[in-house]
Protein chains: 2
Amino acid sequence: MTVTERKERQRAEREQLFLDKAAELIATDGILQLQMAPLAKACDYATGTLYQHFSSKEDLLVALVGRNSCHQLRFFQGISALPISSREKMLAICVAENINQQHNPSHAGLEQYVFTEVVWQNASAARRQTILANSKPLADLVSGIVQQAIDNKELPAHNCDAFALSVAPWALCVGSNTLEQTEGLLEAFGGNKDPLQRYRHLHMLLNGMQWQPLIDLNDRALLAEQIQRLETLLKPWFSSCNAD
Amino acid sequence: MTVTERKERQRAEREQLFLDKAAELIATDGILQLQMAPLAKACDYATGTLYQHFSSKEDLLVALVGRNSCHQLRFFQGISALPISSREKMLAICVAENINQQHNPSHAGLEQYVFTEVVWQNASAARRQTILANSKPLADLVSGIVQQAIDNKELPAHNCDAFALSVAPWALCVGSNTLEQTEGLLEAFGGNKDPLQRYRHLHMLLNGMQWQPLIDLNDRALLAEQIQRLETLLKPWFSSCNAD
DNA sequence: TCAATTTTTGAATTGGATTCATAATCACCC
DNA sequence: GGGTGATTATGAATCCAATTCAAAAATTGA
């Protein structure tokens, strides 16, 4: 059925167009300002057409986050293959997320918003299913790094499976994002302006997991150098992942 | 001005009524279903009256979270005074948050929602200011526990101030909540049904911070016993804090 | 008791998401 | 090439709930 295939492809292309434009509008005006009718108009389609792709505005937002996680997957796969220690890979994942957020500042806020009950429940079940399925390889990849560390005896299993262990750094990253994202929060409590702080905290956690090699938490220069090195390593690769 | 005072008091009482009823409606029907007009009606006031207290629906939601953090403060102050080690106090804070969430399941979701850009920016600046000011003593209290640990040489300062250190467990708790909150997320990746997992992760972090006494992460029975003990200790105190 | 002032009221307005009857396009067949 | 039924796109109309605001009610002070 070559006709059906073509239609399907065109449909998929249009969906990408909608998502591209939505991302663009969000980047310039903020999530708050995103409206369905103007978005459709900006893509030269009618409002109704937009609704043939997304069952609701929330559904579109979830789709947007889902697409980003596909990009992240390729990016993260590259990290997994890097010739660095398993512990550094885990750190690199975190650095990668940060690069991604610097490249697209509204994304962090969008992600936080999308996993909110209000938005999540208003997206279609199919869309939720899709984003979970898309994210699975990502979670597996991180679990894989943990498993590798366990197999290499760099990390004791602590009676947990690799996924359960991988949740700890994941939660820490998510939490750090949330706190930094909320405007005025950290400032109101005690001026946290150090962008390396989250990495210091992550290292604390990794040390606590006994993930070898342990690092000296007092050595700020070492941490700065390490993050600098990872960023330099990752940024070109990030650009190449986003070039298509 | 006794007249002005009385008016002010009545106004404050009405505000509490609105908040109580809103919490009740959210608890039964979910955040999604909360509507301003029915809420006002349920309190036997006109819609417009509601808007004399809250500049928008988002403003009301932020107020709701703010009020809860006042309750938490008294609860946490009790913890701070408990005759247990500083490390256990930090753990107890986390347990306390969980008790609070079990007692009021919609609260975790609400909190996540409220600190979202979309909601946060739609609340009035005054309200944001209030919640930050209300939360400050809470943050100070936690920082105080950290400081106490440093002073007692139970915790090395790692070149950071107490607040910066306290952000690490805070972020981990926030992140754990977010992940658990998102329906289907952890289930889709690898069945995490262990309610103690978050505490195990916290202990990993605290071990990594070198917060004495270090605990054996493999000893599940010990962890279960410790959490059990803290819950038993905290629950009566929680009830007495919510009894007024 | 009355007039000025403050507060409350809830119907009307508004903004924007979503729908759906109609029009256009397409795929297929003669 | 044109006719036909099926599929898809359109955007004005609908709907829903947040928000406003002119009028009514209550309060205050004289």
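The numbering scheme is per chain: residues are counted from 1 as the chain's sequence reads. Written order decides the labels, with chains lettered from A and ligands numbered from 1. Where local features are concerned, this predicted model is filtered to residues with pLDDT of at least 70; where side-chain atom pairs are given and counted, the filter is 80 or more; whole-chain, interface and lining totals use all residues. To get the side-chain values, take all heavy atoms of the structure and skip hydrogens and water.

A. Structural view of the nonpolar core. By nonpolar core we mean a set of buried residues, namely Ala, Val, Leu, Ile, Met, Phe, Trp, Tyr and Cys, connected to one another through side-chain atoms within 4.5 Å. The buried label goes to any residue with under 20% of its type's maximum accessible area, the exposed label to any with over 50%, and the partly exposed label to all in between, with areas taken from a 1.4 Å probe on protein chains only. By size, the foremost hydrophobic cluster in this structure holds 159 residues, and its most contacted members are Leu60(A), Trp211(A), Leu234(A), Leu60(B) and Trp211(B). Here, two residues are considered to be in contact whenever any of their heavy atoms come within 4.5 Å of each other. Apart from the residues within four sequence positions on either side, Trp211(A) is in contact with Ser86(A), Arg87(A), Met90(A), Ile145(A), Val146(A), Ala149(A), Glu154(A), Leu155(A) and Leu206(A).

B. Main features of the relation of the copies chain A and chain B. Our superposition of the copies is a least-squares fit, built on the C-alpha atoms of residues whose pLDDT is at least 70 in both. Here chain A sits on chain B after a turn of 180° about the axis and a move of 0.0 Å along it, with an RMSD of 0.0 Å. Taken together, the rotation angle and the small translation identify this as a two-fold axis. The share of interface residues of chain A whose copies in chain B are also at the interface is 100%, consistent with both copies meeting through the same surface.

C. Summary view of the environment of Pro169(A). Residue and element names in this part refer to chain A. Per the convention used, a helix needs a DSSP run of H or I reaching at least four residues, while a strand needs a run of E reaching at least two, with both numbered from the N terminus. When you line up the elements, Pro169 lands in helix 9 (residues 162-181). The spacing of Pro169 and His203 is 34 residues in sequence and 9.4 Å in space, taken between C-alpha atoms. When sequence neighbours within four positions are dropped, the list of residues in contact with Pro169 reads Met90, Leu202, Leu205 and Met209.

D. Representation of the protein's contact with DNA strand D within the structure. Whether a residue is near a molecule or strand depends on its heavy atoms: if one lies within 4 Å, it is near. In the vicinity of DNA strand D there are 18 residues, among which Arg14(A), Thr49(A), Gln52(A), Tyr51(B) and Lys57(B) approach most closely. The contact in question runs from a phosphate oxygen of DNA strand D to an N or O atom on the side chain of Gln52(A), over 2.3 Å. Polar contacts, as counted here, are pairs of nitrogen or oxygen atoms within 3.5 Å of one another; within protein the pair requires one atom able to donate a hydrogen and one able to accept it, and residues that are adjacent in sequence qualify only if both atoms are side-chain atoms. Within the side chain of Gln35(B), a nitrogen or oxygen atom sits 3.5 Å from a sugar or linking oxygen of DNA strand D. Looking at the surface near DNA strand D, the elements that each hand over two or more residues are helix 1 (2-29) and helix 3 (47-53) of chain A together with helix 1 (2-29) and helix 3 (47-53) of chain B. Element by element, the count of residues in the surface near DNA strand D is highest for helix 3 of chain A, at four residues. Classifying every residue of the surface near DNA strand D by side-chain character gives six nonpolar, seven polar and five charged. Charged residues are taken to be Asp, Glu, Lys and Arg, nonpolar residues to be Ala, Val, Leu, Ile, Met, Phe, Trp, Tyr, Cys and Pro, and polar residues to be all remaining types, Gly included.

E. The arrangement of the UniProt feature "domain: HTH tetR-type" (unreviewed entry) in chain A in detail. UniProt positions are given in the numbering used here, feature names are shortened, and annotations may be inferred rather than shown by experiment. UniProt records the feature "domain: HTH tetR-type" (unreviewed entry) at residues 12-72 of chain A, using the numbering of this structure. The annotated region residues 12-72 of chain A carries 79% helix and 0% strand content, and the separation between its end C-alpha atoms amounts to 20 Å.

F. Geometry of the protein's contact with DNA strand C. Near DNA strand C you find 18 residues, and of these Tyr51(A), Lys57(A), Arg14(B), Thr49(B) and Gln52(B) are the closest. At 2.7 Å from a phosphate oxygen of DNA strand C is found a side-chain nitrogen or oxygen belonging to Thr49(B). Elements that contribute at least two residues to the surface near DNA strand C include exactly helix 1 and helix 3 of chain A together with helix 1 and helix 3 of chain B. Among the elements that line the surface near DNA strand C, the one with the most residues is helix 3 of chain B, at four residues. Looking at the surface near DNA strand C residue by residue, the classes come out as six nonpolar, seven polar and five charged.

G. The UniProt feature "DNA-binding region" (unreviewed entry) in chain A, seen in detail. Mapped onto this numbering, the UniProt entry gives "DNA-binding region" (unreviewed entry) at residues 35-54 of chain A. The span residues 35-54 of chain A carries 70% helix and 0% strand; its end-to-end C-alpha distance comes to 13 Å.

H. Local environment of unusual backbone geometry. Residues Gln212(A) and Pro213(A) are joined by a peptide bond in cis, for which omega reads -10°. Tracing the sequence through the fold places Pro213(A) in the loop between helix 11 (197-208) and helix 12 (220-241). In this structure, Lys153(B) takes a positive phi of about 65° despite not being glycine. Lys153(B) gets classed as exposed once you look at its relative accessible area, which sits at 73%.

I. Quick look at the interface of chain A and chain B. Every contact between the two is made by 50 residues of chain A and, on the other side, 50 residues of chain B. One speaks of a salt bridge when a side-chain nitrogen belonging to Lys or Arg is within 4 Å of a carboxyl oxygen belonging to Asp or Glu. Taken together, the links from chain A to chain B amount to zero salt bridges. Seen at the junction of chain A and chain B, the total is 14 residue pairs in polar contact (both at pLDDT 80 or more). Contributing elements (two or more residues each) for the side of chain A that touches chain B: helix 6 (106-114), helix 7 (117-120), helix 8 (125-151), helix 9, helix 10 (185-190) and helix 11 of chain A. Across the side of chain A that touches chain B, the residue classes break down as 27 nonpolar, 18 polar and five charged.

J. Here's a closer look at the packing of aromatic side chains. Residue and element names in this part refer to chain A. Each aromatic pair joins two rings of Phe, Tyr and Trp (for Trp, the six-membered one) with centres within 6.5 Å, and gets the label stacked for planes under 30 degrees apart, edge-to-face for over 60, and tilted for any other angle. Counted according to the given criterion, the structure contains 12 aromatic pairs over all chains. A ring pair is formed by Phe115 and Trp120, whose centres lie 5.4 Å apart and whose planes are at 45°; its orientation type is tilted. Using a relative accessible area of 16% as the deciding quantity, one classes Phe115 as buried. Overall, Trp120 belongs to the buried group, its relative accessible area being 2%. Among the aromatic side chains, those forming a connected cluster through ring pairs are Phe75, Phe76 and Phe238. Directly above the ring of Tyr45 sits Arg14, whose terminal nitrogen or CZ lies 5.1 Å from the centroid. When the NZ atom of lysine or the CZ atom of arginine is within 6 Å of a ring's centre and also within 35 degrees of its normal, the charge is said to sit over that ring.

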